[in-house]
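Descriptive structure summary
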Amino acid sequence: MQEILRIENLKVYYYLPQGIVKAVDDVSFNVYTDEVLGIAGESGSGKSTVAHAILRLVKPPGEIIGGRILFKGRDLLKLSEDEMRALRGREITLIFQDPSTYLNPVYTVGFQIGEVYEAHEKVKPKKAIHKVVDILRSVKIPDPTRRIYSYPHELSGGMKQRILISMGIALTPTLIIADEPTSALDVTIQAQIIELLDEMRREIRASMIFITHDLHLLSEISNRIMVMYAGKCVEIGETSKITSDPLHPYTKALMQLLRYPRKSKLQSLRGSPPSLINPPRGCRFHPRCLYSMDTCREYEPNIVNINGRTVSCFLYSGRYG
Amino acid sequence: MEELFPASYIVVDMVELLKTVNLKKYFPVKSGFLSKPIYIRAVDDVNISIKPSEVVALVGESGSGKTTLGRVMIGLMKPDSGNVFFKGKDIYKLKGREYIEARHKLQIIFQNPDSSINPRMQVVDVIGEAIKELNPKLSSREILDEVLRLLETVALSPDHIYKYPHELSGGEKQRVVIARVIAVKPEVIVADEPTSALDISIRSQILNLLMDLQKAIGISLIFITHDLGIVWSISDRVAIMYMGKIVELSETEEIFSNPLHPYTKMLIASSPSTPIKITDPTFKPRGEPPSLINPPRGCIFITRCPIATEKCLINSPPLIEASRNHYVACIRNN
Amino acid sequence: MGEVSIVIEKLREAKARQRALLWLKFKSNKAAFISLCILTFIFLLAILGPYMVPESPYDFNLSRALEPPSLNSIFGRDELGRNILSRVIVGSRFSIGVALLSVLLGGCIGVLLGLVSGYIGGKVDVVIQRFTDILLAFPTILLAIALISVLGVGIGNLIVSIGVSTVPIYIRLSRSLVFQIRSEDYITAAFALGKSGRYIMFRHVLPNILPAIIVQSTYYMGLSLLLASGLGFLGLGVQPPIPEWGAMIGSGRTYIYSSPHVIIFPGLFILISALCFNLTGDGLRDALDPRIKVMIRRAG
């Protein structure tokens, strides 16, 4: 198992008039070849920001202010914009939530997939027609030879997402980042898209970072899961271990939230996600934590390794280590 | 907690509190000057009745018509044909005093908390205007007291009264909406995916609140959702909708232990949060809903159904009682 | 339960907080902020200026006609020897006053009609829209001229003419804004609570379309000012000897080559005022837009 991506102490802050939003605050993790790493978290956890940071798509008032992003050994934060552009779409691709906003309504879909080719392989879109039809076929879009002349508005959400996936896979990337790719889709369509994504990924032996708030989904498709809360990474581990034996109190709470007992009170997590401008002192989860101790209110927990899993919680580490 | 909830104001002696009869709601689609008018059949001949104090889940994906049905049932959208009866009276024929009384008793909670509250109103006024509906002559002091009492019922601290919506979180906004709705003492509430736009850690708080209120007051809840986990947890009965029609209707436990319609099975097979798994690969999710403008001949599910036959092309199957209180619209189930 | 007075105090505080944030955003737009300062100055000029003029704007002195700007008279003198500075200052009251009042008049009528038209819809909407179509068929300045010819010249009629010319634009604007608000859930919620159409229109719809209307009104103030000046230039607006800026240019146009100062100064004031109205409007629009975020530099 080789490491293809290593994030070290990543920090992404947003500078707003109300204050500094610490969207991603010292996050570290890695991704290996041919695996799916799921990133779980609620809104404000920073999971989407991580995805944007990897591809250096963070725009003002946001800024990547610290850390390293090592992709196949190269620090992406040190590359020039031209070098990044060569990487995007080719070695690292991003598949996002709402395909309607990312497909240009005035060009046919065939042209837009062809554009991906033109950008990286220097082939004119017209010449790439055969390739484009092949790709559409591989993502199971019916009647591909006619579909290349369709405009985005003529397609359903599921089909648009298939096209987005096809654009993402077109150049056999090493890493696919999928940011809530099915959240806007109906559940029967979602199931098909997830299956397709997984199939395609395996075929080209790419790694995938799958970002979502739907833990049920992650437990079905990812090899390892990273749980984020308020800009911090709280736990990383193999999916089966995390679901059966969660370590961090937040992960424990999330697993409880997944249970839907018949006609009785649902488990709930008290309080609400914290402000990222004024996060709680010490451990960010402590106001909602059932196990919080005095140390948790004062100090931020450091990261501990337990049997190949990573947790950031004073229940497992000594004290200030 | 129980002391906080108002004593139940509901006194009902009828079995069918809210009932629809052959309900149809079609939306016209513009298509040029000279062509025939085309319609989207959002709600296509729906018959359902809601009992007092029960929770009915309306389940479906986009285009199923669940949202439209909810709104027509609650008196917000006039149907194109068919009727909606509340306590025996056709709600779209009511006028004057009777209309206002029925209007108060049928309420709605929306999916998106951000657009549910006037961005320029403070919480005290948001809930206050609802209170004034039932009691126009209250003094400001009395209204304030009532607002504070309602806030306590939805577990919001008193200092929320001077906040503007943008200063509230999604969960807090939904609580304010719930307080507003409860203020007019409703008997039926349509909850249109009230937790879909909230963070997962907040969802169960709101669901628990809704269920507590429902039990304490005895309100009937029509819960629109696509999340089967929530359906399993809170509903007494489930209506599965597809392309404007109810394809299966039964008690919750029955539907999950014995799903009959192929769409229901496909839905269960695709839902990550379903309580009961379906392992039969026949019902693996496939295909996409056909166009709502040109529905297929015969059974609407025919384009995706793994067990369709030629007979399915002939007629759209009616909703028939297959076993006790379990209705299905599928000829393969008779 | 807390004391009612504390509660009311907190309610006020919350409203004040809202406004403070708005002001912060507005201030960050330099062009808009400077424009607002200039406009404030001009407004003060209009109100207080006439009490502080060096000379009466009506005193003419033919022996000093067309005197160029000098230490004696900073803006020079016009063809009748009157002090242009005084005339410009007093004229500000008329020009700005006409702009303000006509926009107020047109706005009140137009917004009300647009509100009703957009919210009630149906036949009412059709009738009001046809009426608007007719008004919009005329170029605004022609409409104003037509109205003035019917009503006769004079400052009151000027305000009415320009006001009525802006009515159709306001109707269209508020109607389209009403359409955007009409489908919001909180409107449906108010209806579900049993509120009447009238209540919803004035309590829920109007307050939410007002910000956009206010922004547009700053642009219409500039427009109105230009209309008034244009009509004044043509001799159809305010009558001499009243020193309205447009009229000053009109009566001074024969001297454009020999003594340009006669028209430059009033023209400059028209230009700056209209420009500042527009820039302030831009700033206000950006400040009210929740999507536009302002970036602040980190310390150190």
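Residues numbered from 1 in each chain as written. Chains lettered and ligands numbered in written order. Predicted model: local features only at pLDDT ≥ 70, side-chain atom pairs only at ≥ 80, totals over all residues. Heavy atoms only, no water.

Right, let's get into the pairing of strand β7 (residues 175-179) of chain A. Residues and elements named next belong to chain A. Taking burial as the measure, the 5 residues of β7 include 5 buried ones, the bulk of the element. Across the two faces of β7 the burial is the same, with L175, I177 and D179 and I176 and A178 all buried. Inspection of the sheet shows β7 paired to strand β8 (residues 207-212) by 5 bridges, in the parallel sense. Across the sheet, D179 pairs through a bridge with I211, a residue of β8. Handedness of the crossover joining β7 and β8 through helix α8 (residues 187-204) is recorded here as right-handed. (Buried < 20%, exposed > 50% of the residue type's maximum accessible area, 1.4 Å probe, protein only. Helix = DSSP H or I, 4+ residues; strand = E, 2+ residues; numbered from the N terminus. Pairing = 2+ DSSP bridges. Right-handed = clockwise from strand over helix to strand, strands pointing away.)

Turning our eyes to something else, we now look at the domain arrangement of chain A. All names here are of chain A. Each assigned domain of chain A is listed with its residue range as follows: domain 1 (3-91 + 173-264) and domain 2 (105-172). For domain 1 versus domain 2, the separation of C-alpha centres amounts to 26 Å. Taken together, the contacts link 18 residues of domain 1 with 14 residues of domain 2. The contact between domain 1 and domain 2 buries some 1400 Å² in all, and 65% of this surface belongs to carbon and sulfur atoms. When the buried surface of domain 1 facing domain 2 is broken down by residue, R90, L196 and M200 rank first, second and third, together holding 37% of it. On inspection of domain 1 and its partner domain 2, the count reaches 1 salt bridge. Measuring nitrogen to oxygen at the nearest pair gives 3.2 Å for the salt bridge that ties K140 to E199. Linking domain 1 with domain 2 are 3 residue pairs in polar contact (both at pLDDT 80 or more), by the criterion used here. Going through the elements one at a time, α2 (81-87) and α8 are the ones with two or more residues in the side of domain 1 that touches domain 2. No other element matches the 8 residues that α8 contributes to the side of domain 1 that touches domain 2. In terms of residue class, the side of domain 1 that touches domain 2 is built from 11 nonpolar, 3 polar and 4 charged. (Domains from an automatic or database assignment. Contact = heavy atoms within 4.5 Å. Buried area = accessible area lost by both parts, 1.4 Å probe. Salt bridge = Lys/Arg side-chain N within 4 Å of Asp/Glu carboxyl O. Polar contact = N/O pair within 3.5 Å; in protein donor to acceptor, adjacent residues only side chain to side chain. Nonpolar A, V, L, I, M, F, W, Y, C, P; charged D, E, K, R; others polar.)

Residues with a pLDDT of 70 or more make up 98% of chain A, whose mean pLDDT is 88. In the model of chain A, helix α4 (residues 109-121) of chain A stands out as the element of lowest mean pLDDT, 77, in contrast to strand β3 (residues 36-40) of chain A, which has the highest, 96. (pLDDT = per-residue confidence, 0-100.)

Residue and element names in this part refer to chain C. It is at 11 Å that the axes of helix α7 (residues 185-193) and helix α8 (residues 197-233) come closest, and there the two elements cross at 170°. Classified by the angle their axes make, α7 and α8 are roughly antiparallel. Here α7 contributes Y186, I187, A190 and F191 to the contact with α8, which in turn contributes I200, H204, V205 and N208. (Axes fitted to C-alpha atoms, helices over the stretch in contact; angles between N-to-C directions. Parallel < 35°, antiparallel > 145°, perpendicular 65-115°, else oblique.)

Now for the packing of aromatic side chains. Counted under the stated rule, the structure contains 14 aromatic pairs over all chains. Summarising the aromatic geometry, the rings of Y229(A) and Y250(A) are spaced 4.5 Å apart at their centres and angled 55° between planes, so their arrangement reads as tilted. Remark: Y250(A) occurs in helix α11 (residues 249-257) and Y229(A) occurs in strand β9 (residues 224-229); sequence separation between them is 21 residues. Taken together, a centroid distance of 6.3 Å and an interplanar angle of 65° make the contact between F75(C) and F269(C) edge-to-face. (Phe/Tyr/Trp six-rings, centres within 6.5 Å; stacked < 30°, edge-to-face > 60°.)

Before going further, it helps to spend a moment on the interface of chain B and chain C. Reports of interface size often rely on the accessible area that becomes lost once the parts have come together. At the interface, 35 residues of chain B touch 26 residues of chain C. Buried area between chain B and chain C, both sides added, is near 2700 Å², and the carbon and sulfur share of it is 59%. For the chain B face of the interface with chain C, the top three residues by lost area are R120(B), E129(B) and Y162(B), together amounting to 21%. Where chain B meets chain C, there are 1 salt bridge. In this structure, K195(C) engages E133(B) in a salt bridge whose closest nitrogen and oxygen atoms are separated by 3.2 Å.

This brings us to a positive patch on the surface. A surface patch of positive charge is lined by K132(B), K15(C), R19(C) and R203(C). By relative accessible area, which is 36% here, K15(C) ends up partly exposed. (Patch = residues over 30% accessible without salt bridge, like charges linked within 9 Å, V, L, I, M, F, W, Y side chains within 5 Å. Areas by Shrake-Rupley, 256 points an atom, 1.4 Å probe, with all protein chains shown as cover. Lys, Arg positive; Asp, Glu negative; His and termini not counted. Charge placed at Lys NZ, Arg CZ, Asp CG, Glu CD.)

Tallying the contact residues gives 35 residues for chain A and 39 residues for chain B. Across the chain A to chain B interface the summed buried area is about 2900 Å²; carbon plus sulfur atoms make up 49%. Remark: the boundary between chain A and chain B carries 4 salt bridges. With its nearest N and O atoms 3.1 Å apart, the salt bridge here joins K284(B) to E195(A). At the boundary of chain A with chain B, the tally comes to 23 residue pairs in polar contact (both at pLDDT 80 or more). The set of elements that each furnish at least two residues to the side of chain A that touches chain B consists of α7 (157-169), α8, α9 (215-221) and α11 of chain A. Residue contributions to the side of chain A that touches chain B peak at 7 residues, all from α8(A). Its residues assigned to classes, the side of chain A that touches chain B shows 12 nonpolar, 13 polar and 10 charged.

The subject of this paragraph is helix α6 (residues 155-182) of chain C. With 28 residues, α6(C) ought to run about 40 Å at 1.5 Å a step, and its terminal C-alpha atoms sit 39 Å apart, in line with that. Along α6(C), the sharpest change in direction is near 30° and occurs at V167(C); proline P168(C) comes one to four residues later. (Expected span 1.5 Å × (residues − 1). Bend = angle between axes of the 7 residues up to and from the residue.)

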